[in-house]
Amino acid sequence: MAALLLRTSRGLGACLRVATGCPSPSSCVVAAWSSARWPREGAVAWRTHAQVRHYSSSDKLSIDMDDKTGVAVLKLSNPPVNSLSLELLTELAIGLDKLEMNPSCRGVIMTSAHPHIFSAGLDVSEMMGKPTEHYREFWRAVQEMWLKLYGSSLVTIAAINGSSPAGGCLMAMCCDYRLMADNPKYSIGLNETKLGIVAPFWFRDTMMGVVGTRVTERSLQLGLMYSPAEAVHVGLVDRTVPEETVFEEARTEMARWLKIPDHARQITKSMMRKTTIDHLLAQRDSDISNFANFISKDSIQKSLTAYMQALRQPKK
Ligand SMILES: CCCCCCC/C=C/C(=O)SCCNC(=O)CCNC(=O)[C@H](O)C(C)(C)COP(=O)(O)OP(=O)(O)OC[C@H]1O[C@@H](n2cnc3c(N)ncnc32)[C@H](O)[C@@H]1OP(=O)(O)O
């Protein structure tokens, strides 16, 4: 059974389907894993160094897979602030898919190649002054990235080595465990309301799964950004570590998680996340339409413009 599960794993959906004997992807967890886009041969350059394989199809993302340990390191590398553009989101989904399909991969550490910023969240320029079709395509890519990361059957650990607002916080919350550099200058949280926009239900559900209903309600309404210490206090981050040790601590934590038999951990993870994933899958198209309608409104475009202008002002 264990071997069968491991060999057939294609994200949490397949994992629970095999475990429960459910034949129909549509009635199970993650039906939307797109095999049509997998593998994208030709777009991916492979380099081999001993047991570490590097692959990426973009300079905005690097993925190093160590066949010996079964651990991949996924580094966001989209200067200046690792904002999640359509291109980066697409590469992330493809990269996660690739790791999911790699039988020697058991865990992923997600981190940033840039010091001080984990990710600034969604690229606001993708949500401003564009045609509706672009908004639809962008939002589908945001959903896809979330489905792949939140629905991953691998152990996922966020090594948060800098600030992580909004979509950056969402990515970290999708992971199984979060370590953050203890630098008080950094902050993390879902600050959408401060931009005059509203985090959708699946952002909310992801946060509720991490910190519970009350903290989520307060955090979302006020668009709260937490310092690393505060984030630990509310449970948004599991622990803080000295800045220079974030990555090594993530490796040590990963080793702990990998001691658990994959099939048991995967089925448990799937059980915990199934309802949330199903919720988005059932409403995927209407969620895209909602986003495109909402973001196209003049009042929302004005809010985003004002927010970006304020961001460009010299910092006090
Ligand atoms: C039904 C409707 C649903 C709608 C839901 C939408 C959900 C949205 C989710 C999101 O993720 S929205 C994005 C929210 N992100 C933020 O609010 C972060 C804003 N950025 C910052 O707070 C800071 O930039 C930083 C990340 C803390 C880094 O600070 P630092 O001082 O190091 O750099 P800056 O000088 O501020 O920025 C450099 C450069 O980058 C631009 N920039 C920053 N963030 C973004 C971004 N998210 N998207 C696009 N561009 C960004 C910033 O404007 C600067 O540009 P230039 O001035 O150099 O041109």
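For the structure, see preceding data.
Residues numbered from 1 in each chain as written. Predicted model: local features only at pLDDT ≥ 70, side-chain atom pairs only at ≥ 80, totals over all residues. Heavy atoms only, no water.

Undergrad: Outline helix 4 (residues 132-150), listing residues and values.
TA: Here helix 4 contains 19 residues, and its C-alpha end-to-end distance of 27 Å stays within 8% of the 27 Å for a straight helix at 1.5 Å per residue. Among the 19 residues of helix 4, 14 are classified as buried, and the element is accordingly described as predominantly covered. (Helix = DSSP H or I, 4+ residues; strand = E, 2+ residues; numbered from the N terminus. Expected span 1.5 Å × (residues − 1). Buried < 20%, exposed > 50% of the residue type's maximum accessible area, 1.4 Å probe, protein only.)

Undergrad: Break down the packing of aromatic side chains for me, citing the residues and quoting the values.
TA: Applying the stated rule across the entire model yields eight aromatic pairs. Ring centres of Trp139 and Phe203 lie 6.2 Å apart, and the angle between their planes is 15°; this geometry places the pair in the stacked category. Of this pair, Trp139 sits in helix 4 while Phe203 sits in helix 6 (residues 201-211), and the two are 64 residues apart along the sequence. A centroid spacing of 5.0 Å and a plane angle of 70° characterise the contact between Trp202 and Phe203, whose relative ring orientation is edge-to-face. As far as burial versus exposure is concerned, Trp202 and Phe203 are alike and both buried. The side chain of Arg273 reaches across the aromatic face of Tyr150, ending 4.4 Å from its centre. (Phe/Tyr/Trp six-rings, centres within 6.5 Å; stacked < 30°, edge-to-face > 60°. Lys NZ or Arg CZ within 6 Å of the ring centre and 35° of its normal.)

Undergrad: How would you summarise the pairing of strand 3 (residues 61-66) if you had to cite specific residues and measurements?
TA: Across the six residues of strand 3, five count as buried, placing the element largely inside the fold. Here strand 3 pairs with strand 4 (residues 71-76) via six bridges, running antiparallel. Counterpart to Asp66 in the pairing with strand 4 is Val71. A loop of four residues connects strand 3 with strand 4, the two strands running antiparallel in sequence, and Gly70 in this loop sits at a positive phi of about 80°. (Pairing = 2+ DSSP bridges.)

Undergrad: Just give me the short version of the packing of helix 5 (residues 167-174) against helix 6, but keep the residues and values in it.
TA: Across the interface, helix 5 lies against helix 6 with an axial gap of 10 Å and an inter-helix angle of 50°. Classified by the angle between their axes, helix 5 and helix 6 sit oblique to one another. Like other packed secondary-structure pairs, helix 5 and helix 6 cross with a definite hand, here left-handed. Contacts from Leu170, Met173 and Cys174 in helix 5 reach Trp202, Phe203, Thr206, Met207 and Val210 in helix 6. Considering only residue class, the contact of helix 5 with helix 6 consists of seven nonpolar, one polar and no charged. (Axes fitted to C-alpha atoms, helices over the stretch in contact; angles between N-to-C directions. Parallel < 35°, antiparallel > 145°, perpendicular 65-115°, else oblique. Left-handed = near helix turned anticlockwise from the far one by under 90°. Contact = heavy atoms within 4.5 Å. Nonpolar A, V, L, I, M, F, W, Y, C, P; charged D, E, K, R; others polar.)

Undergrad: Describe in detail the site of the ligand, supporting the description with residues and values.
TA: Around the ligand there are 27 residues in total, and Ala120, Leu122, Gly167, Tyr307 and Lys315 lie nearest to it. One nitrogen or oxygen atom from the main chain of Leu122 is found 2.8 Å from an oxygen atom belonging to the ligand. When isolated, the ligand has an accessible area of 1,100 Å², and the protein chains bury 75% of it. When atom positions are compared with the pocket grids, the ligand is found to occupy the largest pocket. At the level of secondary structure, the elements contributing two or more residues to the shell around the ligand comprise helix 11 (284-296) and helix 12 (298-312). Here the element with the most residues in the shell around the ligand is helix 12; it accounts for four residues. (Near = heavy atom within 4 Å. Polar contact = N/O pair within 3.5 Å; in protein donor to acceptor, adjacent residues only side chain to side chain. Areas by Shrake-Rupley, 256 points an atom, 1.4 Å probe, with all protein chains shown as cover. 1 Å grid on protein atoms, 1.4 Å probe; cavity = no way out; pocket = protein on both sides within 12 Å on 5 of 7 lines; lining within 4 Å. Sits in = over half its atoms within 2 Å of the grid points.)

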